[in-house]
Amino acid sequence: MKKIIFLSILILLFTGCKRKNANPVIPAQNSVKDILELQTTDSLEILPGSVISKTEQTLEGMNVPPVSTLKKIAESTLEKESQGMIDLTSMNSTMIYSQVFEMMIMPEDYENTDIKVKGFFQVYSYEGNPDKYLSVIIPDATQCCQQGIEFICPDKKYPEDYPPIGSPIEVTGRFCITYTENGLLYTFMQLSDFKTISE
């Protein structure tokens, strides 16, 4: 009898784990990619085991909207009433990372919401696209994983109005959504405030 109970428990554990991993959560957007894959030797160390590149990252094979399209979408979004404000600067690093991760996998829930967040400045370019895509990178508490939110700031020009790549920054803006040609969600922020901060 004990053997039967033991085997039953093993089967339940095995099938439970199998179900859990059968459908992994995949972010439904085509924004900042896994930063860890983009690390270079020319990098800024935040904490041991984690780095953010100090150089612009060039990504290949990405299907991203041109900045002119993002600006039009942002303008129409700003005409709508805000869905509220989320101040991530008042949260601890674990909560910030979790909140941003949720924004990436469920962006529709945050569309037209004002966001305030601290992170590190990064710039991306895409093969075949002359635009520069600016972003704020948010590391998690252990510094092993990072999330990013791209942004546009109509009052500033890159590179003259921005700090060096890898600098700590604080940004405030409206969370916007558009779609790429292949139907994936693409998220970004229309900034109302940008500032360099000291850590």
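Provided above is the structure to which this section pertains.
Reading guide: rules and limits
Residues numbered from 1 in each chain as written. Predicted model: local features only at pLDDT ≥ 70, side-chain atom pairs only at ≥ 80, totals over all residues. Heavy atoms only, no water. Helix = DSSP H or I, 4+ residues; strand = E, 2+ residues; numbered from the N terminus. Buried < 20%, exposed > 50% of the residue type's maximum accessible area, 1.4 Å probe, protein only. Contact = heavy atoms within 4.5 Å. Areas by Shrake-Rupley, 256 points an atom, 1.4 Å probe, with all protein chains shown as cover. Phe/Tyr/Trp six-rings, centres within 6.5 Å; stacked < 30°, edge-to-face > 60°. Expected span 1.5 Å × (residues − 1). Arc of directions from axis to C-beta. Pairing = 2+ DSSP bridges.

1. Here we look at the overall build of the protein chain
- Check the secondary structure of the protein chain and you find 3 helices and 9 strands.
- Reading the helices (α) and strands (β) of the protein chain from amino to carboxyl end gives α-β-β-β-α-β-α-β-β-β-β-β.
- Residues counted as buried form 44% of the 199 residues belonging to the protein chain.
- Counting contacts in the protein chain only where the partners sit at least 6 residues apart, residues at least 24 apart contribute 68% of the total.
- If you sum the accessible surface of the protein chain, you get close to 11300 Å²; carbon and sulfur atoms cover 55% of it.

2. Comments concerning the packing of aromatic side chains
- Per the counting criterion, the structure on display carries 9 aromatic pairs.
- Relative to Tyr 162, the ring of Phe 151 lies with its centre 6.5 Å away and its plane at 35°, an arrangement referred to as tilted. Here Phe 151, found in strand E7 (residues 146-152), pairs with Tyr 162, found in the loop between E7 and strand E8 (168-179); they are 11 residues apart in sequence, far enough to count as distant. A single burial state applies to Phe 151 and to Tyr 162, both of which are buried.
- Judged by centre distance (5.1 Å) and plane angle (85°), the rings of Tyr 162 and Phe 194 are edge-to-face. Here Phe 194 lies in strand E9 (residues 185-196) and Tyr 162 lies in the loop between E7 and E8, a separation of 32 residues in the sequence.

3. Topic: helix H2 (residues 67-78)
- Its 12 residues place the ends of H2 16 Å apart at the C-alpha level, agreeing with the 16 Å of an ideal helix rising 1.5 Å per residue.
- Among all positions of H2, only Val 67, Leu 70, Ile 73, Ala 74 and Thr 77 are buried. For H2, the arc enclosing every buried residue in end-on projection is 120°, short of the 170-degree limit, so these residues lie on one face. Exposed residues on H2 whose side chains face more than 90 degrees from its buried face are Lys 72 and Glu 75.

4. Considering the pairing of E9
- The sheet contact formed by E7 and E9 spans 2 bridges and is parallel. Across the sheet, Ile 152 pairs through a bridge with Gln 190, a residue of E9.
- Pairing of E8 with E9, which is carried by 11 bridges, proceeds in the antiparallel orientation. Opposite Thr 172, over in E9, you have Asp 193 as the bridge partner.

These values are about where atoms sit, not about what they do.
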